[in-house]
Amino acid sequence: MTSINRVKILGVPVDMVDKEQAIAAFAESFPQEGLTMVVTPNSEIVQNASKDETLKALIASADLIIPDGVGLVYASKFIGCPLKERVTGIDFLESIVAYLEKNGKSIYFFGSKPGVAETAANKIREKYPELKVAGTHHGYFKPEEEADIVNDINESGADFLCVALGAPKQEKFISDYRSELAVKGAIGVGGSLDVWAGNLKRAPEFYRKHGLEWLYRLIQQPSRYKRMLALPVFMLRVIFRGRSGEEKNYMANDIEMLKEKAKDIRIDIIRSIHAAASGHPGGSLSSADIITYLYFKEMNIDPKNPEKNDRDKFVLSKGHGAPVLYAALAEKGFFPKEELLNLRKTGCILQGHPDKKKIPGVDMSTGSLGQGVSAACGMALANKIDKNPGRVYAVLGDGELQEGLVWEAAMAAAHYGLDNFTIFVDWNGLQIDGRNEEVITVAPVDEKFRSFGWDVQLIDGHDFNEIAAAVDRAKTISGKPQAIIAKTIKGKGVSFMEDQAGWHGKAPNDEQAKQAVEELGGKW
């Protein structure tokens, strides 16, 4: 599914989508392998999740997190990352129903009191006569009956599942049985079935248009006032956390710091390759933002203790891109930055490809394409066996995907369920001999990794918001390795190098190096 920016509100992720974008994202994700999980949190659910790490992780693991609450819209504006609009669960669900009818897919209604699901199904078919209803089941059951319900859903052949058990029970049901359910998509729908069945009345258009459904429900049911108090409490917590600087979100979280680090790393790449009079600037510059995020925001590493057992590990599978790794390690403090100017010099630690025996912070010696990702796969498997909490990250070149060894590693990682293993494909479209499609086509990369059993995301590899969201989502995936396909520009940041295969492995001369450094915002 196309990457969607997420904002964190009280530490809980919410997708920054309007209704049209949410529907488009669902339509893109639904035909793919696995179950597309949709959750629709409101301010009350977010507040509960902020105090419940299990519920927070459950929400984060969803493919779509739709903002079903006007309080979330107000909160996002306060913290400077405004959501586009409130997307009500029932309106989104009806759009799904229209999609299913149009594409000849079937739906299963599960939840509410006995008889409600059947009535709702009949009512909705009056509006969508071609909709296929695969089955229904009420929401009054004992825990030991859940396996039978899952079996009934699967035997019905349903493509999509609506669960109306109330939050968070409905989301927990979907999450708990995600790997067992045969449906292609599922959503928790709260009271939507009762609305469709005619047992509950929706707020009039005026209230819905102005985000006042809560007021309408309070007028209709004054006994709900205790629940309504959750909204002002929620806003007070957002205000306090936002003003204290405690609130974190993907759109504003240390972005300026990361941009500054990436700029410095790119400048050091140019300086070191120029000093060596040889090296690989193009692919080093294209992957700089990815590696900056991993080293300065994500990975659990310590320059003072490079070999600590529970650290996250990084493998630069495209070992010829060593200048970007060296620049990041120096910036992080693993060795003095002055050492960068000794790149490729005899007797110095920074050779043309990373050497784990000589360079602090390097977890694997790489150079022969395909071997790095294979070693990284072994590291992730070893961590699983040892119950080591450290994650393993690797960066591959897109031309590197032409190596058969990459796909052997992909098979092994999926076979062993290495959900502690995340790779980035630096998709800049160029390799040493020209454009990938002209040498040996490796597209469609996303479909290939999915067919090998990986979770896959497509992102802009130069957008820290998208990198952050993709990494956070990858950590919620259970039972699968994760591939993040990052669209990048070879030679990013240097005008005469950008999208030029000739700069794959060529050093700039004095004049070119000076221009490059100045374009990147440095001084020569």
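The structure this text deals with has already been given above.
Not measured: the values here are computed from a predicted model. (Residues numbered from 1 in each chain as written. Predicted model: local features only at pLDDT ≥ 70, side-chain atom pairs only at ≥ 80, totals over all residues. Heavy atoms only, no water.)

### Brief notes about the sheet that holds strand β4 (residues 64–65)
Next, step 1: Read across the open sheet, the 6 strands follow the order β4-β3-β8-β7-β5-β6; overall the sheet is parallel. In this open sheet, the two strands that pair with only one neighbour each are β4 and β6 (132–137).
Next, step 2: Helix α7 (residues 146–156) contacts β5 (106–111), β6 and β7 (160–164) of the sheet and is inclined by roughly 165° relative to β5. (Pairing = 2+ DSSP bridges. Helix = DSSP H or I, 4+ residues; strand = E, 2+ residues; numbered from the N terminus. Contact = heavy atoms within 4.5 Å. Axes fitted to C-alpha atoms, helices over the stretch in contact; angles between N-to-C directions.)

### What to know about the pattern of salt bridges
Between side chains of opposite charge, pairing is possible as soon as their charged atoms come close.
Next, step 1: Evaluated as defined, the whole model comprises 23 salt bridges.
Next, step 2: One salt bridge in this structure joins Arg 473 and Asp 63, with 2.6 Å as the shortest N-O distance. One end of the pair, Arg 473, is in helix α22 (residues 464–474); the other, Asp 63, is in the loop between α3 (53–60) and β4, with 410 residues separating them in the sequence. The same class applies to Arg 473 as to Asp 63, namely buried.
Next, step 3: Arg 266 is the salt-bridge partner of Asp 289, the closest N and O atoms lying 2.8 Å from each other. With a gap of 23 residues between them, Asp 289 in helix α16 (residues 288–298) and Arg 266 in helix α14 (residues 255–276) connect regions that are remote in the sequence. Neither Asp 289 nor Arg 266 differs from the other in exposure class; each is buried.
Next, step 4: What you see here is one network of salt bridges that share partners, running through Lys 8, Glu 298, Asp 472 and Lys 475. (Salt bridge = Lys/Arg side-chain N within 4 Å of Asp/Glu carboxyl O. Buried < 20%, exposed > 50% of the residue type's maximum accessible area, 1.4 Å probe, protein only.)

### Details of the sheet that holds strand β10 (residues 392–397)
Next, step 1: On the basis of which strands lie adjacent, the open sheet formed by 5 strands has the order β9-β10-β11-β15-β14 and parallel pairing. Single-partner strands in this sheet number two, and they are β9 (313–316) and β14 (455–460). In this sheet, adjacent strand axes meet at a mean angle of 20° when their direction is disregarded.
Next, step 2: Sheet analysis places strand β11 (residues 421–427) next to strand β15 (residues 482–487), joined by 6 bridges and oriented parallel. Bridging from a neighbouring strand, Phe 424 pairs with Ile 484 of β15.

### Some details on a negative patch on the surface
Next, step 1: Together, Glu 144, Glu 145, Asp 148, Asp 152 and Glu 155 make up a region of like negative charge exposed at the surface.
Next, step 2: Locating Glu 145 in the fold gives a position in the loop between β6 and α7.
Next, step 3: Residue Glu 145 is classed as partly exposed on the basis of its relative accessible area of 34%. (Patch = residues over 30% accessible without salt bridge, like charges linked within 9 Å, V, L, I, M, F, W, Y side chains within 5 Å. Areas by Shrake-Rupley, 256 points an atom, 1.4 Å probe, with all protein chains shown as cover. Lys, Arg positive; Asp, Glu negative; His and termini not counted. Charge placed at Lys NZ, Arg CZ, Asp CG, Glu CD.)

### A few points about the packing of helix α2 (residues 43–50) against α3
Next, step 1: Remark: α2 packs on α3, axes separated minimally by 6 Å, with the N-to-C direction vectors making an angle of 125°. Taken together, α2 and α3 sit at an angle that is classed as oblique. On α3, the residues touching Ile 45, Asn 48, Ala 49 and Ser 50 of α2 are Glu 53, Leu 55, Lys 56 and Ile 59.
Next, step 2: When grouped by side-chain class, the residues that make up the contact of α2 with α3 number 4 nonpolar, 2 polar and 2 charged. (Parallel < 35°, antiparallel > 145°, perpendicular 65-115°, else oblique. Nonpolar A, V, L, I, M, F, W, Y, C, P; charged D, E, K, R; others polar.)

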